[in-house]
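Topology and contacts: notes
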Amino acid sequence: MYEEQAVRSHANAIFNEIRNTPLESLNTQSFRSRIADAIRVTSEGTADTDPSEDQGLQKTLRIVAKYNVHFLPPCNVQDHAGQATVYTFDGFPGIAAHNMAQTTSGLYLVRNYLTEEQCQKLMCQTLTEYINVGGGGPSIIRTQPPNNSNIYQNDGTLSTPIWPSANFKKLRWATIGHMYEWVTQTPLPTLCSWGTRSYRGYSTFPEPLVKITQSLLSHLNREYVPDAAIINCYTKGYFLRLHKDDAEETDDTVVNISLGAPAIFTIGGRDYSTIPVAMVVDSGSVVLMAEDSRFCLHGVVKLLGYNKPGRHNYDAGETSDVGEFAYAAPRLNMVIPQCSVDATASLECDPQSLDRVKTLFADHRVSISIRRAKR
């Protein structure tokens, strides 16, 4: 999942610079200059001894000069009422074919797929049921907890509900369906720790997530029956560094649903030398990773509104728009219907819990990363 060579790499340099840059200072010339400086630092020593490395560095710097965090335009309600817009990303090295209007990567950003009401109900059921130790129905394998999470691994006597309670502040991830175990290995000096992940144990996978997934994938001819999901919770400065989803036995599409506060999502190549594309994902958006992008490095840099303490907006207001020439520029690929009411009809949430969830949307994000873990 995580790899040790991530510490010093082009992909990680860009990830960190986006994270360290205040919202108002993104996509400025100063922002791109700082990325270029970080790239040069990661390349120190190699370009001096290997001419091919120097050529590669110059190519990377030319890409960085056109680098943008992609803020996609808001959906036009009049033109796309009841519809979701599907975007691909042009010229993404190793993924998209250059000079082609349509990529072959399987990387899609589906905007506005879930309505605001559907997002609220899904987030409510996720927090009241899916993340809890006893959520998701009875365990099939009795030696495993019905649902796993980072705080359950640290405390096997954890009581539920996790939300609303003080434990919710400590929740970073939870699993439903086939559950994974995180095994910490060698600590790294700047990236906390790394480890391996494997699936052990099973709890009933929620029907609404099956229906939402199949409804969306039917428009792209990629249907399958999902059996696992990883739920990540973000608030304040929490982030998810670059990693691969590679513990599954299948290569079926990963469906990543965003609920709540907008965040910056990045995805690169299969190694850390590829410049990642960065995009803003808002509530109701879905990122699909299939084909070439299925096993690519990806992560969540930060919540969009998070500014790292000590950083100042000294270059705010000098935004330099590179437009369609931007690296991995987003292109509208197709328009599809929004998620049907039938797909989310079984979501249940009492009015009091739903009201509490609505207050979280401004500064909390929940992502549900759905996949098929077992053949």
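Residues numbered from 1 in each chain as written. Predicted model: local features only at pLDDT ≥ 70, side-chain atom pairs only at ≥ 80, totals over all residues. Heavy atoms only, no water.

An unreviewed UniProt entry lists the chain under the name Alkylated DNA repair protein, with Babesia ovata given as the organism.

1. Observations regarding the UniProt feature "binding site: Fe cation" (unreviewed entry) in the chain
In plain terms, the rule: UniProt positions are given in the numbering used here, feature names are shortened, and annotations may be inferred rather than shown by experiment. Only runs of H or I of at least four residues qualify as helices and only runs of E of at least two qualify as strands under DSSP, and these elements are numbered from the N terminus. Only protein chains enter the calculation, and the probe is 1.4 Å; a residue is then buried if its accessible area is under 20% of its type maximum, exposed if over 50%, and partly exposed in between. Any N or O atom pair separated by 3.5 Å or less is treated as a polar contact, with the protein-specific requirement of one donor-capable and one acceptor-capable atom, and with residues adjacent in sequence counted only for side-chain atom pairs.
When the UniProt feature table is mapped onto this chain, "binding site: Fe cation" (unreviewed entry) is found at His243, Asp245 and His298. A stretch of 56 residues holds the annotated residues, and the largest C-alpha distance among them is 8.7 Å, short enough that they meet in one place. Relative to the helices and strands, His243 is located in strand β8 (residues 240-243). A relative accessible area of 3% means that His243 is categorised as buried. A distance of 2.9 Å separates the side chain of His243 from the backbone oxygen of Arg241, its partner in a polar contact. Along the chain, the position of Asp245 falls in the loop between β8 and β9 (254-260). A relative accessible area of 3% means that Asp245 is categorised as buried.

2. Focus on the environment of Val255
Applied cut-off: Whether two residues touch is decided by their heavy atoms; if any such pair falls within 4.5 Å, the residues are in contact.
For Val255, the location among the structural elements is in strand β9. With 33 residues separating them along the chain, Val255 and Leu288 place their C-alpha atoms 4.9 Å apart. Ignoring anything within four residues of it in the chain, the contact list for Val255 reads Thr213, Leu216, Leu217, Tyr224, Val286, Val287, Leu288, Ile368, Ser369 and Ile370.

3. Considerations on the packing of helix α1 (residues 10-20) against helix α2 (residues 29-42)
This is how it is decided: As a rule, the C-alpha atoms of each element are fitted with a line to give its axis, helices using only the stretch in contact, and angles between N-to-C directions run from 0 to 180 degrees. For a crossing to be left-handed, the near helix must be turned anticlockwise from the far one by less than a right angle; the clockwise case is right-handed. Following the grouping adopted for this structure description, the nonpolar residues are Ala, Val, Leu, Ile, Met, Phe, Trp, Tyr, Cys and Pro, the charged ones are Asp, Glu, Lys and Arg, and the polar ones are all others, Gly among them.
Between α1 and α2, whose axes approach to 9 Å, the crossing angle comes to 145°. Note that α1 runs across α2; the crossing there is right-handed. For the pair α1 and α2, contact is made by His10, Ala13, Ile14, Glu17 and Ile18 and by Phe31, Arg34, Ile35, Ala38, Ile39 and Thr42, respectively. In terms of residue class, the contact of α1 with α2 is made up of 7 nonpolar, 2 polar and 2 charged.

4. Regarding unusual backbone geometry
In the segment running from Trp163 into Pro164, the intervening peptide bond is cis, with an omega of -5°. When you line up the elements, Pro164 lands in the loop between α5 (150-154) and β5 (173-187). Although it is not a glycine, Asn112 sits at a positive phi angle of roughly 65°. With respect to the helices and strands, Asn112 occurs in the loop between β3 (107-111) and α4 (116-130). For Asn221, which is not a glycine, the phi torsion comes out positive at approximately 55°.

5. What to know about the packing of α4 against helix α7 (residues 351-360)
Two packed helices can be described by the angle between their axes and the distance between those axes. We apply this condition: Put simply, angles under 35 degrees are roughly parallel, angles over 145 are roughly antiparallel, angles from 65 to 115 are roughly perpendicular, and the rest are oblique.
It is at 9 Å that the axes of α4 and α7 come closest, and there the two elements cross at 105°. Here α7 runs roughly perpendicular to α4, going by the angle between their axes. For the pair formed by α4 and α7, the contact residues are Gln120, Lys121, Met123, Cys124, Leu127 and Thr128 on the first element and Ser353, Leu354, Val357, Lys358 and Leu360 on the second. Split into classes, the residues belonging to the contact of α4 with α7 amount to 6 nonpolar, 3 polar and 2 charged.

6. Section: the packing of aromatic side chains
For clarity, the cut-off: Pairing of aromatic rings covers Phe, Tyr and Trp, the last counted by its six-membered ring, and requires centre-to-centre distances within 6.5 Å; plane angles under 30 degrees mean stacked, over 60 mean edge-to-face, and any other angle means tilted.
For the structure on display, the rule yields 3 aromatic pairs. Geometrically, the ring pair formed by Tyr67 and Tyr327 is stacked, given 5.9 Å between the ring centres and 25° between the ring planes. Within this pair, whereas Tyr67 is found in the loop between α3 (51-64) and β1 (69-70), its partner Tyr327 is found in the loop between β13 (298-303) and β14 (330-337), the two being separated by 260 residues in sequence. Accessibility classification places Tyr67 together with Tyr327 in one group, the buried group. Plain terms: the ring middles of Tyr234 and Tyr238 are 5.1 Å apart, the flat faces sit at 40° to each other, and that makes the pair tilted. Here Tyr234 falls in the buried class, since its relative accessible area comes to 2%. Of the residues examined, Tyr238 reaches a relative accessible area of 17% and is grouped as buried.

7. Regarding the pairing of strand β15 (residues 364-371)
We apply this condition: DSSP bridges decide pairing: two strands pair if at least two such bridges lie between them.
For β15, the buried fraction is high: 8 of the 8 residues fall into the buried class. The side-chain alternation of β15 yields two buried faces, one formed by His364, Val366, Ile368 and Ile370 and the other by Arg365, Ser367, Ser369 and Arg371. Examined bridge by bridge, strand β7 (residues 228-235) and β15 share 8 bridges and lie antiparallel to one another. Its bridge partner being in β15, Ile230 is matched across the sheet by Ser369. Sheet topology places β9 next to β15; 6 bridges connect them, and they run antiparallel. Across the sheet, residue Ser258 finds its bridge partner in β15, namely Ser367.

8. Some details on the pattern of salt bridges
Side-chain pairing between opposite charges can occur once the charged atoms of the two side chains come close. Here is the rule: We define a salt bridge as a side-chain nitrogen of Lys or Arg found within 4 Å of a carboxyl oxygen belonging to Asp or Glu.
Counted by the stated rule, this structure contains 12 salt bridges. For the salt bridge of Arg371 with Glu248, the shortest nitrogen-to-oxygen distance reads 2.6 Å. With Arg371 in strand β15 and Glu248 in the loop between β8 and β9, the pair connects residues that are 123 residues apart, well separated along the chain. Take Arg371 and Glu248: they sit in the same class, and that class is buried. The salt bridge involving Glu249 is made with Lys374; its shortest N-O contact spans 3.4 Å.

9. A word on the state of the cysteines
Counted only if it meets this: A pair of sulfur atoms, both from cysteines and within 2.5 Å, is called a disulfide here.
Going through the model one piece at a time under the given rule, you end up with 1 disulfide. Paired by a disulfide, Cys124 and Cys349 hold their sulfur atoms 1.4 Å apart. Taken as a pair, Cys124 in helix α4 and Cys349 in the loop between β14 and α7 lie far apart in primary sequence, 225 residues in all. Its relative accessible area of 0% is what places Cys124 among the buried residues. Judged by relative accessible area, which is 24%, Cys349 ranks as partly exposed. Between Cys119, a free cysteine, and Cys339, which holds the nearest cysteine sulfur, the sulfur-to-sulfur gap is 9.6 Å.

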